[in-house]
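Here is how the chains run, residue by residue.
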Amino acid sequence: MKPRQLRDGVQWMGAVDWNRRLFDSLIPLPDGTSYNAYLVRGTGKTALIDAVDPAMLEILKRHLAHVDRVDYIIAQHAEQDHAGGIPFVMEKYPEAIVICSPKAKDLLITHLDVPENKIRTVADGESLSLGGKTLKFIHTPWVHWPETMSTYLAEDRIVFTCDFLGAHIASSELFAGDDTYVIEAAKRYYAEIMMPFRSMVRSNLKKIRELQFDLIAPSHGQIYDKPERILAAYEDWSSDRVENRVVLPYVSMHGSTELMVDHLVAALAERGVAVQKFELTTTDIGKLAMALVDAATIVIGAPTVHMGPHPAVFSATHLANALRPKLKYAAIIGSYGWSTQVVERISGLIPNLKVEVLGTVLCRGLPRAATFAELDALADAIRAKHAAL
Ligand code: FEO
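S.K.: What am I meant to see in the domain arrangement of the chain here?
M.R.: Accessible area lost upon the coming together of the parts serves often as the stated size of an interface. For the chain, the domain assignment lists domain 1 (4–237) and domain 2 (246–383). If you average the C-alpha positions of domain 1 and of domain 2, the two centres end up 38 Å apart. With 13 residues of domain 1 at the contact, the number on the domain 2 side is 14 residues. When domain 1 packs against domain 2, close to 1200 Å² is buried across both sides, 63% of that on carbon and sulfur atoms.

So this is what it looks like as structure tokens:
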């Protein structure tokens, strides 16, 4: 894609990565992603907001081929997918100064070898005039690193938010418009990297809300030309509201745990409780993360391997703990061969989840009538709690 005009003197200069399927060797990218950079030309100075992932550097080089001067590189975030191209930009424009938050300075030096004497830090609310265009820097920490900041271009009513409010989605469309899939992709992205910092998300949303803008231009995905949609979605996701829904990640080695899971799913459905079931050897962990954004309850289905949970359950439980979803209730179910410590081991994996444990249902070997009765009782307990949400 070629550079695209957003406003007079404001161009999108990003790279669309249609084929990337994994981010940080961790996050699935079913729809690819983009690394958005923006060029803002004032009457006196020119600024480049964010660079691109080093893997897409050739595209940024082409975009900049006819740009004779860059005075400022605005590094809103030090992670490589936005800052990785900065050394190249500095080499091409030796006069350029890197503008960043105070916390970003050390990260840019440590991770990217940016020379200290080429960095200028900016305070929260500080402005930089380019001549007829003014960049105001808004510190938005912990969305999702400690140093992250946004940039407000008042004259053109655009706020550039880097990772915050973004989405991993590759598209030829520059603007999100009314596309509902963009919000779904943004929810996945929120779940994967923003959810652990829910209180900071809320406070940063308030700071963004104080600005007057028509466009939100993140550094992943499309530009929001109807910004209320993404702001309202983030306000909902980061609120304390949970849904009458159970997320049920599980593995079954010989079928017994699956019999228990299926019985519980049916029992919950009969009681009006929605369930999302995830078989962990095949599931997309991004889907699991999305489901955790607003579910009220997690039930972990864990067969026993050498006294502890199956490694796939261990991994998913560790991930759920790291993502800090707003779950209120939890339970553990599963079958074991002769002895088990799955409850103790799983309980030790979830210190971040401030949940009330509604019960554990374990059985040796095949589940029988007594186990199914315990599962029915667990479904009753979940329904009762959800009725009071
Ligand atoms: Fe898109 Fe935190 O980098």
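Don't stop here, the text continues.
S.K.: Is there a simple way to explain helix 8 (residues 256–270) in this structure?
M.R.: Residues that lie three or four places apart on an α-helix share one face, since the helix turns once every 3.6 residues. Taking 1.5 Å per residue as the helical rise, helix 8 with its 15 residues ought to reach 21 Å, and the 21 Å between its terminal C-alpha atoms agrees with that figure. Taken as a whole, helix 8 has its buried residues at S256, T257, M260, V261, L264, A267 and L268. The buried residues of helix 8 all sit within an arc of 140° when viewed along its axis, so they share a single face. Of the exposed residues in helix 8, those oriented more than 90 degrees away from the buried face are A269 and E270. For helix 8, the secondary structure elements touched by its buried residues are strand 17 (243–250), strand 18 (274–279), strand 19 (295–301), strand 22 (329–336), strand 23 (356–364) and helix 12 (369–387). Following helix 8 by one or two positions, G272 has its phi on the positive side, about 80°.

S.K.: What's the story with the side chain of D156 in this structure? I'm lost.
M.R.: With respect to the helices and strands, D156 occurs in the loop between strand 14 (149–153) and strand 15 (158–162). Of note is the side chain of D156, whose polar atom sits 2.7 Å from the side chain of K133.

S.K.: Whenever I open this one, helix 6 (residues 198–209) confuses me. Can you help?
M.R.: The end-to-end C-alpha separation of helix 6 is 16 Å, in line with the 16 Å expected for 12 residues at 1.5 Å each. What helix 6 keeps buried is the set R198, V201, N204, L205 and I208. Projection of helix 6 onto a plane perpendicular to its axis shows the buried side chains occupying an angular sector of 120°, all on one side. Here the buried face of helix 6 lies against strand 13 (134–139), strand 14, strand 15, helix 5 (180–194) and helix 7 (228–237).

S.K.: I keep staring at the pattern of salt bridges and nothing clicks. Help me out?
M.R.: Pairing of side chains with opposite charge becomes possible as their charged atoms draw close. Applying the stated criterion across every chain yields a total of 27 salt bridges. In this structure, R20 engages D53 in a salt bridge whose closest nitrogen and oxygen atoms are separated by 3.3 Å. Linking R20 in the loop between strand 3 (15–17) and strand 4 (22–23) with D53 in the loop between strand 8 (46–49) and helix 1 (57–64), this pair joins segments that are 33 residues apart in sequence. Residues joined in a network through salt bridges with shared partners are K187, D236, R241, E243, R245 and D294.

S.K.: Sorry if this is basic, but what is going on with empty space enclosed by the protein here?
M.R.: Tallied over the full model, the rule gives 3 cavities of 30 Å³ or more. Volume-wise, the largest cavity comes out at about 90 Å³. Contributing to the lining of the largest cavity are 13 residues, with W12, S171, E173, L174 and G221 lying nearest its centre. Per-class residue counts for the lining of the largest cavity are 6 nonpolar, 5 polar and 2 charged. Taken as a whole, the second largest cavity encloses approximately 50 Å³ of empty space. Lining the second largest cavity are F23, I27, E79, D81, H144, D163, H168, Y189, I193 and H220.

S.K.: Is there a simple way to explain the sheet that holds strand 17 in this structure?
M.R.: Sheet strands pair by backbone hydrogen bonding; their relative direction is either parallel or antiparallel. Read from one edge to the other, the open sheet built from 5 strands follows the order 18-17-19-22-23, with strand pairing classed as parallel. The open sheet terminates on both sides in strands that have one partner only, identified here as strand 18 and strand 23. Neighbour-to-neighbour, the strand axes of the sheet open up by a mean angle of 15°, direction not taken into account. Pairing of strand 22 with strand 23 involves 8 bridges; the strand directions are parallel. By the bridge assignment, I333 is partnered in strand 23 with V361. In this fold helix 9 (residues 285–292) packs onto strand 17, strand 18 and strand 19, with an angle of close to 150° to the strand it touches most, strand 17. Helix-sheet contacts for helix 12 involve strand 17, strand 19, strand 22 and strand 23, and the interaxial angle to strand 23 is about 165°.

S.K.: I would appreciate a short explanation of the environment of I300 in the present structure.
M.R.: Here I300 lies in strand 19. Look past the residues within four positions of I300 in its chain and what remains in contact with it is P249, V313, T317, A331, I332, I333 and I346.

Quick notes on the rules
Every chain is numbered on its own, with residues counted from 1 as its sequence reads. Confidence filtering applies because this is a predicted model: local features only for residues at pLDDT of at least 70, side-chain atom pairs given and counted only at 80 or more, and all residues used for totals across whole chains, interfaces and linings. For side-chain calculations, the full set of non-hydrogen atoms in the structure is used, while hydrogens and water are omitted. As used throughout, domain bounds are those supplied by an automatic or database domain assignment. Contacts: residue pairs with any heavy atoms within 4.5 Å of one another. Accessible area, probed at 1.4 Å, shrinks when two parts are joined; the buried area is that loss added up over both. Helix and strand assignments follow DSSP, with helices taken as H or I runs no shorter than four residues and strands as E runs no shorter than two, numbered in order from the N terminus. An expected span of 1.5 Å times one less than the residue number is assigned to each helix. Burial classes: relative accessible area under 20% of the type maximum marks a residue as buried, over 50% as exposed, and values in between as partly exposed (1.4 Å probe, protein chains only). Here the arc refers to the set of directions running from the helix axis out to each C-beta atom. Between N or O atoms, a polar contact is any pair within 3.5 Å; within protein, one atom must be a potential hydrogen donor and the other a potential acceptor, and residues adjacent in sequence are included only when both atoms are from side chains. A pairing counts as a salt bridge when a side-chain nitrogen of Lys or Arg comes within 4 Å of a carboxyl oxygen of Asp or Glu. With a 1 Å grid laid over protein atoms only, a set of points is called a cavity when a 1.4 Å probe fits there but cannot get out and a pocket when it is open yet has protein on both sides within 12 Å along at least five of seven lines; lining residues have an atom within 4 Å of a point. Grid points are joined across faces, edges and corners, and a volume is the space filled by probe spheres set on the points. Basically, the charged four are Asp, Glu, Lys and Arg, the nonpolar ten are Ala, Val, Leu, Ile, Met, Phe, Trp, Tyr, Cys and Pro, and anything else, Gly included, counts as polar. In short, DSSP must find at least two bridges between two strands for them to pair. Comment: axis = line fitted to C-alpha atoms, over the contacting stretch for helices; angle = value between 0 and 180 degrees taken between N-to-C directions.

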